[in-house]
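# Overview (structure and organization)
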Amino acid sequence: MEDQEYDSVNSALNEYFFRGRFEMLPVYLDLEGDAEEQVAEALGVDADELCDFIGLTATRSLRFDKRDPYIDQAKWLLEWSLEGRRDPPPFTALLCALSIAAERMGTDENFSPNNYSERLFELLGVKDVTSQQKLRQYAKSTRQFWRALNMWLAENDFQLGRPTARAVIGHWKYASFGLSQALVRDADRKRLSGLFEKYDLVPGEPVPEAEMALLVHDWMSSHGATGPTPWLRKLWQSSDLRPRVVSAALDAFETWERTAGVAGTGPRKARLQWQVGFTGFPRKRARLSLAAFRGGEAEALEETGAGTETGDQLFLEDGLEQGTRFLGPVGSINLDMLLLKSRSFTGVSSGVNYGYIAKPIVTLARAPDGPVFREVSRVSLFEEHAILCHEAWLDKVEGHLSKCARPGHSVLRTTDMAGIPEGWCILRGVEVVRAVDNAHDNFHALSPIASAAALACVDGLKLGHGTWHVAAPPLVEATSEKPGTTIEIIREQFGKKDEVIAKENAVGDFMEASLDAFCVEAGTNLRAVVKHKSTELAETSFSLRSADIPRPLGAKSLSHGLLDTRFALDPLTAHDHEPARLEGCVPNGKLDDTSCHVAQREGYTPGEVPEGTLEEAIELEWCNSSDAAIVASESCVIRGYHYWVYEAFEKGDDRYDAKMAECKDCRVKALSRTREVAKGNAKKMAQHQVFTPARRSTKREVGTGQVSETDHAGVPVDTVLDGLCYLGHGSWPAFQRLATAVSPEPWFAHSLASDLFALGHIEMRGRLLANGGDWSVPPPALVIGMDGHGYLSGFQSGSLVDAVNSALSSRGTVHAPCEVSNQVTVHRWTGLGEMDLEALLETVEDAHGRKVTVTRNLASSIAPRLPSFAGVFGQAAPIHVEQADGLAMYDTRKARWRRVERMDGPGAYRVGLHGTRYVFRDRHGTTRQVGHQVAKTLAAQADGHWLHGYDMSTGRFTAALGVEPPWLFERALVVSGGTLPRRDGGRVIYERVEPRVGATILSKMYGKDEIIG
């Protein structure tokens, strides 16, 4: 840019908006409040004059001597793109000027495209009629800048903010992008929490745009601190601007967290909702639980309202996932009555009101962060659901779904799957593909609100907000009420014309487009659009990524302090000061070769190790009663219908308005369309061809006789590892989300995490003492085992594997990858011998520019630094448990769990505190929570038994199944042999383990200590 003043303004705006303050948050180019003050201070101008200053400066970037006044800005966009887009955009000042013009439309409340143009001319100081006409004629040129901004934010994985620029008003076209940034102010957005509280929305639960529009419209009649501002009401009075308000509400809801009452209006509230998980191994089972996913705390509960159903004390118990708490103890709760009668509780310590409404139809959607289904207020189009339904309602529900859902879902009863309560059934694999607006209000939870068009990205491997893996892209599905519509997938390109790469015509009201037949590169930004002729009815943007183009490295890497007394217990972060670290298989700092102690014991043979079993979750049993249906015979659930009381229509109300309805008995609420709308939609449906799409072939088939989740046709494990390397770091729920794409079995995420940690592909918090936590991907390393072969550890990508293979094969090595079903491929090379590997790999770098470290003798360096299991126990958190759901004690002779009534005496115990927990109690009565492998091994040591063995003559280390050495203990065994262990019946075998490593690990696990009795 040649204009220094424009450059300084653009830089000041970029400094405020795109330096990380809006990480993962919606970012609006709207100058008010802090933005106005800080940018004005940076530029040395008065805040009152800032907007005019930006407008006049933006004018200097326009060329009115050319046909298209935006020609220079377009040239800067192309140059910025060709240079790699490493810096923030050169056109931010121009976009801010367009946003300011949109904001100034509100000064005279004349909201129209023509008024927008007039405000833009005033801001830019353009008075010449010819120049004004050029701005009108080439307004279409501005769209490329808005699109480029959105793509750039997506390209940076929303670390600098989430894009909000879109055409919120279709017939306004180019002015609409500026409007998406303006008009709704910070004060207005803060009031939106009152909307979410009023309608008891659940944070994180998806709300479609059409439904949000109905809620906002109803909310506009609210007053006080929880109602809309006068300005929002004025905006809502303009039908053209309503989409802008709805857009702001959707953006605000995505980041909203329920807080303690709005403006101090009352006690906090939290909703209790159903969660169900399905397992196919070792037997088919549905696991029902009632949970508070947001709000509240672990505490005792007092039931309010009607008399309690049990004399036992009920609690909210901490779940294993952060922020989730479950109603328990399950063994004291009558499930039959709970399903039929609404309940309310007050937290004894917090005062939070926990409400639960019994419903005949409970709609559950697959959780975005794990292998379970969670209750939602209404189904979403194209997503997979499970429906918990009383048998009295089943025929009606099936009739409704025949009009709006794909065929092929299964109906499961208690005879088909354990855990389903008597008199109830679960409909699996329900996918709603259209709205039925003339449906009865009884089925509001199964009826998405209709809109002119709707589309969604489904399936594939979703890496984050709007981001999928390039090897597992989404399927785009859409529906439209207009006949003759099409769906297009468009490749967006910086400074170039968009390219349509897929296009499909509607069959009836349904469309779907796939990328399977197209070659799309990682780093591609795409836009899916539903069109009717040239009019865009709906759109969504998404990006395709891989580890070849990873997210920038953050400061959230985990490692182990080699000189730290808590080595293998608490990983260090990048902020911890430690001179010597182990990150994956890469030692940073001097790694002294501490000698391993070789225990002089004979007879460590595999034959002495008992055969164990896979660790599985506890099967908790609710209480039941045979007379529940008689006791609650007048409930809506049993009688098969609701008694709706509708909000009255007032004089002046639009007959097409939605009104709130509430069942006078069970208090279920529904936002109902009027009869006028229902009749109109029924007439449209009668004239419109309805097409019922077949089930997606990528989805698992869930027939009544085949409900096992183990048949899930999922994403390859190697693609998940590549996705983890792309992300670089994340939380345990994020890891679970990716692992569920391979297999939805609850145990699979833990199994995959163990494998990846053992290989050094990831680091993770907390797994020695409890369940999974935050994780990160270490730098790449070539790990040389005791046999002279090596494997690639840590960060992986397709191009890195190719580069390493090219470098090593030039000297005659052989690439011999180890491939096992449902395990990650281990890239091994044989024949490395005495090669100068550092020299061969000198020029090889990963996508972050890091060299591949060659690591030798790593196992013998890890093993002596490992803590003893007695020391692990001493560091673990104490826990008090005498009785609990599903209490079991580990029999170390048979390597099996057995049920017990109480925790009596020393040993390993499994506790069902909504999610399985493991504890060890020593001979002094001290009880601490540890991982299941630690608990079992300590119990075996106390009993004088062995669950592990090592044969020095063969280098084979054996463990009973379910008692594999945990985390860094297992990593030492795996890096020694260069492969993951193999199953042999009820045992797990680690091959090619160095003698001093195998013996030292046994000594660490079974060595005596005064703490353990």
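Quick note: structure is the one above.
To keep things clear, this report deals only with the structure shown in the data block. Quantities reported herein were computed from a predicted structural model and do not represent experimental measurements.

Its twelve residues give helix α4 (residues 71–82) an end-to-end C-alpha distance of 17 Å, which sits within 8% of 16 Å, the value for a rise of 1.5 Å per residue. Buried-residue contacts for α4 involve α1 (4–17), α5 (92–103) and α8 (143–155). Backbone geometry just downstream of α4 places Gly-84 in the positive-phi region, at approximately 100°.

Turning to the pairing of strand β22 (residues 535–545), a few remarks are in order. Relative to β22, strand β16 (residues 467–469) is paired through three bridges, and the arrangement is parallel. Opposite His-469, over in β22, you have Arg-545 as the bridge partner. Two elements, strand β21 (residues 525–532) and β22, share eight bridges in a ladder whose sense is antiparallel. Residue pairing across strands places Ala-528 opposite Thr-540, the latter belonging to β22. Linking β21 back to β22 in an antiparallel pair, the connection comprises two residues, with Lys-533 at a positive phi of about 60°.

Core analysis: the biggest nonpolar cluster contains 104 residues, and Phe-735 and Ile-1001 have the highest contact counts within it. Element by element, the count of residues in this core is highest for helix α21 (residues 748–759), at eight residues. Ile-1001 has contacts with Ala-863, Leu-866, Phe-957, Phe-969, Ala-972 and Leu-973, leaving out every residue within four places of it along the chain. In this structure, Cys-51, Ala-175, Leu-183 and Ala-248 belong to the second largest nonpolar core, which totals 83 residues.

Further remarks concern the sheet that holds strand β40 (residues 896–899). Sheet architecture is open: six strands sit in the order β38-β43-β42-β41-β39-β40, paired in antiparallel fashion. Edge positions in the sheet fall to β38 (877–878) and β40, since each has one partner strand and no second. As paired elements, strand β41 (residues 907–912) and strand β42 (residues 916–921) share six bridges and run antiparallel to each other. Paired with Tyr-909 across the two strands is Val-919, which belongs to β42.

What follows deals with unusual backbone geometry. In this chain, Gly-328 is followed by Pro-329 through a cis amide linkage whose omega measures -5°. Mapping Pro-329 onto the fold places it in the loop between β6 (325–328) and α14 (335–340). With a phi angle near 60°, Met-24 is a residue other than glycine that sits in the positive phi range. As for its placement among the helices and strands, Met-24 is situated in the loop between α1 and α2 (34–43).

Cut-offs applied
For every chain, the first residue of the written sequence is number 1, and numbering continues from 1 along that sequence. Reporting in this predicted model follows two pLDDT cut-offs: at least 70 for local features of residues, and 80 or more for side-chain atom pairs to be given and counted; totals over whole chains, interfaces and linings ignore these cut-offs and use all residues. Values reported for side chains reflect all heavy atoms of the structure, with hydrogen atoms and water molecules removed beforehand. Each helix corresponds to a stretch of at least 4 residues labelled H or I by DSSP, and each strand to a stretch of at least 2 residues labelled E; elements are numbered beginning at the N terminus. One fewer than the residue count of a helix, multiplied by 1.5 Å, yields its expected span. Residues are treated as being in contact if the distance between any of their heavy atoms lies within 4.5 Å. Here, a strand pair is defined by DSSP locating no fewer than two bridges between the strands. Buried Ala, Val, Leu, Ile, Met, Phe, Trp, Tyr and Cys residues that are joined via side-chain atoms within 4.5 Å together make up what is termed a nonpolar core. Buried residues are those whose accessible area, probed at 1.4 Å on protein chains only, stays under 20% of the maximum for their type, while exposed residues exceed 50% and partly exposed ones sit between those limits.

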